[in-house]
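Structure assessment
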Amino acid sequence: MKELFKGCWTIPNLISFIRILLVPLFAYLFMQGDFVPAVIVLALSGLSDCVDGKIARKFNQISALGKVIDPVADKLTQITIAVMLFIDFKTATNPIINALAWVFLVFLIKEGVMIVGGLIMLLLNIRPGAAEFWGKAATVVFYVGMVIIIAVGPEVGALNDVLGFQLPNVITGIIVVLCAIMTLAAFASYMPETFRQFKECFAERKAKKESK
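Just so it is clear, the model here is predicted, and its values are computed rather than measured. (Residues numbered from 1 in each chain as written. Predicted model: local features only at pLDDT ≥ 70, side-chain atom pairs only at ≥ 80, totals over all residues. Heavy atoms only, no water.)

Okay, the packing of helix α7 (residues 133-152) against helix α9 (residues 169-211) next. Closest axis-to-axis distance for the α7/α9 pair is 8 Å, and the angle between their directions is 160 degrees. By the angle between their directions, the pair α7 and α9 is classed as roughly antiparallel. Between α7 and α9 lies a crossing of left-handed hand. Taking contact as the criterion, the partners of W134, G135, A137, A138, V141, F142, G145, M146, I148 and I149 in α7 are, on α9, T172, I175, V176, L178, C179, M182, T183, A185, A186, S189 and Y190. Of the residues assigned to the contact of α7 with α9, the class counts are 16 nonpolar, five polar and no charged. (Axes fitted to C-alpha atoms, helices over the stretch in contact; angles between N-to-C directions. Helix = DSSP H or I, 4+ residues; strand = E, 2+ residues; numbered from the N terminus. Parallel < 35°, antiparallel > 145°, perpendicular 65-115°, else oblique. Left-handed = near helix turned anticlockwise from the far one by under 90°. Contact = heavy atoms within 4.5 Å. Nonpolar A, V, L, I, M, F, W, Y, C, P; charged D, E, K, R; others polar.)

Next comes the structure, spelled out in structure tokens:
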């Protein structure tokens, strides 16, 4: 635990904590029907996610805690968005939008598996690895796609009345499915390294038992 909190007082970690605090704010605004402020909060969360990593690398403020809370902020945000849009899409009168609701279960299942797997790794004293290319790419695509849908998506778009425009059903479907594909690709990219770490951990434990 001491190693985890060593050098934790950094700007990137503060940004990650703020992103975590933005999650319940986004959920509250969305559930109250204040979609424009919800879109703004979500956009700020996504932009800050891009900024904190750049700051950490540029000013050498990478920390063990940052490697934990940054993905936690991502997962909490993505789970909340998926739940909110699942509910909204499920209650939509448009049959195509209604059918797309089930795609959001892909995000929830993936995040659920990764959270359980991450907890098991921490219990076994295995440090989960940082996000690689596919993980970062999937996060960016998810944020951009969800901001667009919440802003101008069919029935759910916060700016539909203001702009007099909403996304066609086909484009909305492409965005949702693309986000799901990127999410699955990111999940698959974590597997080789995760299996390797588990294998090494069990091999070390076995060696210790045999040496006693």
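The next thing to look at is the confidence of the model for the protein. Of the residues in the protein, 86% reach a pLDDT of 70 or more, and the chain-wide mean stands at 81. Within the protein, helix α5 (residues 95-100) carries the highest mean pLDDT (88), whereas helix α1 (residues 2-5) carries the lowest (53). (pLDDT = per-residue confidence, 0-100.)

For the rest of this paragraph, the subject is the packing of aromatic side chains. The final tally for this structure, using the stated rule, is seven aromatic pairs. Where F30 meets F35, the ring centres are 5.1 Å apart and the plane angle is 75 degrees; that geometry is what we call edge-to-face. Ring centres 5.7 Å apart and planes at 45 degrees place the aromatic pair F104 and F107 in the tilted group. In this pair, F104 and F107 both sit in helix α6 (residues 104-123), three residues apart, roughly one turn of the helix. Take F104: its relative accessible area is 0%, and that puts it in the buried class. F107 gets classed as buried once you look at its relative accessible area, which sits at 3%. Connected via pairs of aromatic rings, a cluster forms that spans F89, F104, F107 and F142. (Phe/Tyr/Trp six-rings, centres within 6.5 Å; stacked < 30°, edge-to-face > 60°. Buried < 20%, exposed > 50% of the residue type's maximum accessible area, 1.4 Å probe, protein only.)

The first and last C-alpha atoms of α6 sit 29 Å apart over 20 residues, in line with the 28 Å expected at 1.5 Å per residue. Among the residues of α6, F104, F107, K110, E111, M114, G118 and M121 are the ones counted as buried. The buried side chains of α6 occupy one side of the element, clustering within an arc of 120 degrees when seen end-on. For α6, the exposed residues lying more than 90 degrees away from the buried face are I109 and L123. Where α6 terminates, the next one or two residues include N125, which has phi positive at roughly 65 degrees. (Expected span 1.5 Å × (residues − 1). Arc of directions from axis to C-beta.)

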